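Chain residues, written in single-letter form:
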Amino acid sequence: MSVHVKICGVTRVEDARAVWAAGADALGLNFYPRSPRFVQPEVAAALARTRPALGAVVGVFVNESPDVIRARVRDCGLTAVQLHGDEPPEACAGFGVPVIKALRVRGPEDVERARQYMGVGDVATLLLDGAAPGYGGGGVTFDWSLVAQLVDVGVPVLVAGGLTPGNVAQAVRATRPYGVDVASGVETSPGIKDLEAVRTFIRSAKTVNLWERHT
């Protein structure tokens, strides 16, 4: 059993195709207008069309209107929604696809707050990110030992924040997550992927055998 890998902040079709070819499980498309990785809906739709049969295309939103999110799901071919802002638990429903709720982690209180999202709405996965300024993509790590406090929540956990090809295997061993998520750690500039770094990241993450770490 290997870890699920999501490559986020892809902005170019050629990068999307290369990311899938490298073995990614999910592609993240950023719809937050203030992000340097923001993509217009027509670009997002073209990126989503590169999706292989078993791949996931995740739209990333920050405190966005539910009507806008539903429109992007419909028009851009999204298979999941990632809410990366300050959305309360009751806002995590009604989009017609599973929800990934992202939470910025500064300390144990933030991990405890994650429990408020369990059993409410359509939250299918939690994403724990570093507390970078703004709403993610800043390459900031957090204390990975905190993830152990969520092993009993009953939903998959994605670990993000400051991951790179050089530390992702360590993160997987330390946290035993469902998956990992990376944006800035595999880029030459915001939104432009370093494809060799992408390949190394995915290979490093997936060569850690999750089953072996439980035995």
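The name given to the protein in an unreviewed UniProt entry is N-(5'-phosphoribosyl)anthranilate isomerase, and the organism recorded there is Hyalangium minutum. Among the UniProt annotations of the protein, the heading Catalytic activity (unreviewed entry) holds the following wording: "N-(5-phospho-beta-D-ribosyl)anthranilate = 1-(2-carboxyphenylamino)-1-deoxy-D-ribulose 5-phosphate". Under Pathway (unreviewed entry), UniProt gives the following word-for-word description of the protein: "Amino-acid biosynthesis; L-tryptophan biosynthesis; L-tryptophan from chorismate: step 3/5."

**Description of the state of the cysteines**
Under the definition given, this model contains 0 disulfides. With no disulfide of its own, Cys8 lies closest to Cys76 among cysteine sulfurs, the gap being 15 Å. Residue classification places Cys8 among the buried positions, given a relative accessible area of 9%. No disulfide involves Cys92; its sulfur sits 17 Å from that of Cys8, the nearest cysteine. The class of Cys92 is buried, set by a relative accessible area of 0%.

**Some points on the pattern of salt bridges**
A full pass over the atoms with the stated rule returns 12 salt bridges. We note a salt bridge from Arg70 to Asp67, for which the minimum N-O separation is 2.7 Å. With Arg70 and Asp67 both in helix H3 (residues 66-76) and 3 residues apart, this pair spans about one turn of that helix. Residue classification places Arg70 among the partly exposed positions, given a relative accessible area of 32%. By relative accessible area, Asp67 is classed as exposed at 53%. Residue Glu196 is joined to Arg199 by a salt bridge in which the shortest nitrogen-to-oxygen separation is 3.4 Å. Here Arg199 and Glu196 lie together in helix H6 (residues 195-206), a separation of 3 residues that amounts to about one turn.

The rules we used
Residues numbered from 1 in each chain as written. Predicted model: local features only at pLDDT ≥ 70, side-chain atom pairs only at ≥ 80, totals over all residues. Heavy atoms only, no water. UniProt positions renumbered as here; feature names shortened; annotations may be inferred. Disulfide = S-S within 2.5 Å. Buried < 20%, exposed > 50% of the residue type's maximum accessible area, 1.4 Å probe, protein only. Salt bridge = Lys/Arg side-chain N within 4 Å of Asp/Glu carboxyl O. Helix = DSSP H or I, 4+ residues; strand = E, 2+ residues; numbered from the N terminus.

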